[in-house]
Amino acid sequence: MPEDVSLLLSPRQAATKEEIQRELTRKLSLFVPPDRWIITHRSIDARRGQIRIHLNLRVFGEGEDPRENEPTFCYRDVHAAPPAVVVGAGPAGLFAALRLIELGVKPIVVERGKPVAPRRKDVAALNRRGVLDGESNYAFGEGGAGTFSDGKLYTRSRKRGDHKRILHRFCRHGADPSILYEAHPHIGSNRLPDIVSAMGQTILSAGGEIHFQQKVVEVTISNGRATGVRLAAGHRIDGHAVVLATGHSARDVYEVLVRQGVSLEPKAFAMGVRVEHPQQLIDRVQYKRDRGDFLPPANYRLAVQVDGRGVYSFCMCPGGIIVPAATEDRTIVVNGMSFSRRNSPFANAGIVVEIALSDIPGMDTANPLAGLDYQRKLEAAAFDHGGGQMVAPAQRLVDFVEGKYSSSIPPCSYPPGVAVSSLQEWLPATIYRRLQSGLKTFDEKMKGFLTNDAVVVGVESRTSSPVRIPREPDSLQHPSVAGLFPCGEGAGYAGGIVSCAVDGERVAEAVQRFFSHFCQRQSA
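Owing to the predicted nature of the structure, the values given are computational and were not obtained by experimental measurement.

Participant: Would you take a moment to explain the pattern of salt bridges for this structure?
Facilitator: A pair can form between side chains of opposite charge whenever their charged atoms are brought close. Going through the model one piece at a time under the given rule, you end up with 36 salt bridges. Among the ionic pairs, Glu102 bridges to Arg99, the shortest N-O distance being 3.3 Å. Placement of both Glu102 and Arg99 in helix H2 (residues 91-102) is noted, with a separation of three residues, approximately one turn of the helix. The exposure classification of Glu102 matches that of Arg99, with both residues buried. Its salt-bridge partner being Arg462, residue Glu379 comes within 2.9 Å of it at the nearest N-O pair. Linking Glu379 in helix H8 (residues 370-384) with Arg462 in the loop between strand E20 (455-460) and strand E21 (467-468), this pair joins segments that are 83 residues apart in sequence.

Okay, structure coming up:
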């Protein structure tokens, strides 16, 4: 039987497999060959001033296979299988498509954006010249918002599906095996594009289809059942079911559904700003020293309640950059990303406030898109107070908290550049006051967090969807449209790469059950 062993090591001892092997031998008083043990968990403990690495290892006996319990992925030939239309090629859509293939269903993926290679050029133009392509950007295109994101793969939602299976599928398509055991697994935006492309090739090789630069303008519904989609180009793609995995930035999809009379629900969401510090400052606060060798750039996770609303850090990117994530003209939206080495001199995170429906001025509860309209107004205000061409409004952090004008801005990673703006003058008061109070509390938890060497950039408005597309809890279909399967972050059921991928797989399994029931009815 395999034996689990825990080690508590210095960063230097945990840096190489040879050093770990030496410490394992010392603990067991027995040499175990390197091919008979694996790391199952790795985390850093810096709480007591002396940094230690916690390692959990699994040691296998002679003849035992360390890979015996790993999930297997069998992609069938689905060229002639019954089809399901998958709208969106982000994490939810791709993982739904891959799982459908395993279950014997042909996925027809429809993506409004471009494949990875040409999409890279559009993202580069956005970064360098502030030129926005509304259909090919940080949100739209092969891999969705995940492709050029930080690539963080940890999730707080572990009850909805097998998140380990998601990590293994990433590894099968080129991700580093370390994501299987790191406490905070991370791929990096430089590696994600190739992984996403490999997933696309798996879909195509098995007989699935991917149609890029095809915008959905209607879900075709016949006798109360979704039967496919109609595209802006004029033609239809038919299927026995439709998976809506469009992401929360595809706002026109919500508008299409409303026009078609498909019920939607407004929901709470979050908005705020992105705060960037020098990475060295975060290292010193968290590690109580300069990082040195053998340690990754430090991160943080902060949360507090202010006047009944959560104020919290979101998508923290150590060694990362702030990126322009807008999808509509004359708006500013910021997000964060990092490369696999996390070697930028900056650390950034979204600092956001929970927005309840009652926080929206003049909220019309009959309008399911009220939260979306509120997002748009704030994004347009950020553009108006920026510098044009995606130049974002910014302010020094202490000045932001104290409501003072910043005469200058420290170096900032945001590629199109920043312009001085007093954000407190145009942010909604309900957001600003809670951010102001929350940031003061964060400084009490992380002394040194409040500094004018840090910069606040607006706005962070796409942390979650303000709309939910309802679905039945068991069948995962829309309550009034059979065969329509809302999925992922845009439908309001996930947030982040892993939870979206898990939801995609769950929906794929629900589609297969629906197909089985449908075929039984047809044969009867």
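Participant: What exactly am I supposed to notice about the packing of H2 against helix H5 (residues 192-205) here?
Facilitator: A packed helix pair is summarised by two numbers, namely the angle formed by the two axes and the spacing between the axes. Following both chains from N to C, one finds H2 and H5 inclined at 30°, their axes separated by 10 Å at the closest point. Along this stretch, H2 crosses H5, giving a crossing that reads as left-handed. Residues Leu94, Phe95, Ala97, Leu98 and Ile101 of H2 lie in contact with H5, whose contacting residues are Val196, Met199, Thr202 and Ile203. Taken together, the residues that form the contact of H2 with H5 break down as eight nonpolar, one polar and no charged.

Participant: Honestly, the sheet that holds strand E8 (residues 225-231) in this entry has me stumped. Any pointers?
Facilitator: Strands in a sheet are paired, the pairing made by backbone hydrogen bonds, and the direction either parallel or antiparallel. The antiparallel open sheet is built from three strands, whose spatial order is E7-E8-E9. In this open sheet, the two edge strands, each paired with only one partner strand, are strand E7 (216-222) and strand E9 (236-238). Geometrically, the sheet is characterised by an average inter-axis angle of 30° between neighbouring strands, direction not taken into account.

Participant: Before we go on, may I ask you to explain the sheet that holds strand E5 (residues 106-110) in this structure?
Facilitator: Across the sheet, which stays open at both edges, the five strands sit in the order E6-E5-E4-E10-E22 with parallel pairing between neighbours. Of all strands in the sheet, those bounded by a partner on one side alone are strand E6 (209-211) and strand E22 (484-486). Strand-to-strand twist in this sheet, taken as the mean axis angle between neighbours without regard to direction, amounts to 20°. Pairing of E5 with E6, which is carried by three bridges, proceeds in the parallel orientation. Looking across to E6, one finds that Val110 is bridged to His211. Packing against the sheet, H2 makes contact with strand E4 (83-87) and E5, and its axis sits at approximately 160° to E5.

Thresholds applied
- Residues numbered from 1 in each chain as written.
- Predicted model: local features only at pLDDT ≥ 70, side-chain atom pairs only at ≥ 80, totals over all residues.
- Heavy atoms only, no water.
- Salt bridge = Lys/Arg side-chain N within 4 Å of Asp/Glu carboxyl O.
- Helix = DSSP H or I, 4+ residues; strand = E, 2+ residues; numbered from the N terminus.
- Buried < 20%, exposed > 50% of the residue type's maximum accessible area, 1.4 Å probe, protein only.
- Axes fitted to C-alpha atoms, helices over the stretch in contact; angles between N-to-C directions.
- Left-handed = near helix turned anticlockwise from the far one by under 90°.
- Contact = heavy atoms within 4.5 Å.
- Nonpolar A, V, L, I, M, F, W, Y, C, P; charged D, E, K, R; others polar.
- Pairing = 2+ DSSP bridges.

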